[in-house]
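# Breakdown of the fold
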Amino acid sequence: MNINAENKLASYIDALRPIIYINHFDFCIVDNLLKRVGDNVSFIEYNNALGAIDFATKSPQMECDLEQFLKLNMDEGFDQPTFIILKDVHNELKRPEIIALLKRISEDNLYKEDYSATIFIVSTTVIIPTELENYITVFDIPLPTEKEINEIIRNFINDINIEVEQDILDEIAVSFKGLNEFQINQILNLAYQNGGYIDKKDKYLILKEKEQFIKKAGMLEIVNFKESIDDIGGLEILKDWLTRKANVFQNLDKAIKFGVDVPKGIMIVGMPGCGKSLTAKATASLFEIPLVRLDVGRLLGKYVGESENNMRKALKLSESISPCVLWIDELEKAFAGVGSEGGDVTTRLFGQFLTWMQEKENTVFIVATANDISKIPPEFLRKGRFDELFFVDLPNAEERRKIIEIHLKKRKKWNKSIDSIALIQKTEGFNGADLEAVVKEAIEDAFIDGKDKITTESLLETIKNTKSISSTMKDKIDKIKETIKKMDIKKASQSKE
Ligand code: ATP
């Protein structure tokens, strides 16, 4: 079973953490875990629905509210090591009486000799009253390792008495990575009911089910897209870099066995409308993995600890669909206020995210995109966080030619008589989005005017009437240029005009 979880929890108890908040929905899994770490310990349990109950048999012992339950047990004292298990009591944690009682037990546990009581709060909703912040440790049951997943599958097939070959078992185990024991058993059941056996094709079922979990949780958004690397004009250095890394993601199992460190991710900063979002999509397409978007603003909650809990869940979710690309758009806005007065929650979320990034050994590839690098907390830019940091500038002449060509071809309006040189001369300072807009407008005009061909003249006419980003957002563009000059960032494309 989950040795990982057992060791981690035992270390918290040994370190006298007075209140351990177990963030889990499956009481059965939690009970088993507590039994394994609680050798020679008395268990007392309170359940929000039933009052005091017998931990071993689960039969109700006494109808009472949480306050009475805690007081009664405190009166008897805790001279024997005791686990106080409180289930689904999150709503009670707003009451001052309950807070005071929990604080009292916590302090006695820390400072009194011959007193040993660890409180476990088990719930899927994490509510941390400010008064108890220093006493509470939130504990997420770590997800099963590949070996443990193998064991869960083996137990399942033994129980229903079917034969599954070892190599099929290994492959399915890899796909199950990131899911918890409950979810794995649920999917195995579904797979078995579908055909009366378990085989390699069930990998697709697992992926589909994983997507369902993501949708239900509502913390991440699965992005559907059609774009590929060929839809990006220019950015050759960035594209080459990604194409090399794609080799790893397309052959992940082999690469890991060979000893390759799984790439962590990239940060792309730079001018607006120059293909940053496009690159996030093209990465997922090139790596042949799903694209999920993390919107930090959506994670913010009203209660203490709620936002952190949401962030934890979102990151865990991304692991559960991994390998995947986790896209954080407008990073500077996502973590705005970090380190500032009043920015406590974002600072904590940011710290949480960095730790996760630092420690992550999963196959989630992060693509973070941002315009204004000066607003990004410097910790993000430190070496080792991302595999690479790229600067996307306004497209140079050759890139502008390619972007125009891509958008004309996409709409089946490219023809060899179009004079690229004339177009690139008149589009200096245009970004990709401006160029796309020019193409769209020229096509629309041609349709309205009853012409069937796009000509250099019609494109030049539209260009003349288009205000480029360099004129409409001059200050912003200059500021980005200034900031970038001072930093050592890899350019996404060769500089040539
Ligand atoms: P923002 O910072 O404003 O979010 P962005 O850099 O993420 O901008 P994208 O959303 O990738 O910009 O691009 C906007 C539009 O411009 C896209 O629809 C895309 O078609 C076009 N575009 C931008 N850059 C390129 C490019 N290098 N090649 C082809 N099309 C591009």
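Residues numbered from 1 in each chain as written. Predicted model: local features only at pLDDT ≥ 70, side-chain atom pairs only at ≥ 80, totals over all residues. Heavy atoms only, no water.

Helix and strand counts for the protein stand at 21 helices and 14 strands. Principal axes of the C-alpha set define a box for the protein whose edges measure 90 × 60 × 45 Å. Burial statistics for the protein: of 497 residues in total, 51% are counted as buried. Within the protein, counting contacts between residues at least 6 apart in sequence, those at least 24 apart form 79% of the total. Put simply, the protein shows about 25,000 Å² of open surface, and 48% of that area lies on carbon and sulfur atoms. Where the 68 positive side-chain charges of the protein centre and where its 81 negative ones centre are 7 Å apart. (Helix = DSSP H or I, 4+ residues; strand = E, 2+ residues; numbered from the N terminus. Buried < 20%, exposed > 50% of the residue type's maximum accessible area, 1.4 Å probe, protein only. Contact = heavy atoms within 4.5 Å. Areas by Shrake-Rupley, 256 points an atom, 1.4 Å probe, with all protein chains shown as cover. Lys, Arg positive; Asp, Glu negative; His and termini not counted. Charge placed at Lys NZ, Arg CZ, Asp CG, Glu CD.)

In a beta sheet, neighbouring strands pair by backbone hydrogen bonds and run either parallel or antiparallel. Overall, mixed pairing links the seven strands, which are arranged β4-β3-β2-β5-β6-β1-β7 in an open sheet. Taken across any chain shown, the strands that pair with only one partner, and hence form the sheet edges, are β4 (60-62) and β7 (136-139). Taken pair by pair, the neighbouring strands of this sheet meet at an average axis angle of 30°, ignoring direction. Pairing analysis gives four bridges linking strand β1 (residues 19-23) to β7, with the strands arranged parallel. Along β7, the bridge assignment pairs Ile19 with Ile136. In this fold helix α4 (residues 96-111) packs onto β1, β5 (82-87) and β6 (117-123), with an angle of close to 135° to the strand it touches most, β6. (Pairing = 2+ DSSP bridges. Axes fitted to C-alpha atoms, helices over the stretch in contact; angles between N-to-C directions.)

Turning to the environment of Lys35, a few remarks are in order. Following the sequence through the fold, Lys35 ends up in helix α2 (residues 27-37). Note: C-alpha distance between Lys35 and Ala56 (21 residues apart in sequence) is 9.5 Å. Setting aside anything within four residues of it in sequence, one finds Lys35 in contact with Phe43 and Phe55.

Mean pLDDT for the protein: 87, with 98% of residues reaching 70 or above. Confidence, expressed as mean pLDDT per element, reaches its minimum in the protein at helix α8 (residues 202-217) with 76 and its maximum at β5 with 96. (pLDDT = per-residue confidence, 0-100.)

This part takes up the site of the ligand. By nearness alone, 17 residues border the ligand, and Gly233, Gly273, Lys276, Ser277 and His407 come closest of all. Here an oxygen atom of the ligand and a side-chain polar atom of Asn371 are 3.0 Å apart. The contact in question runs from a nitrogen atom of the ligand to an N or O atom on the side chain of His407, over 2.9 Å. Contact with the protein chains hides 79% of the accessible area of the ligand, taken as 630 Å² for the molecule alone. (Near = heavy atom within 4 Å. Polar contact = N/O pair within 3.5 Å; in protein donor to acceptor, adjacent residues only side chain to side chain.)

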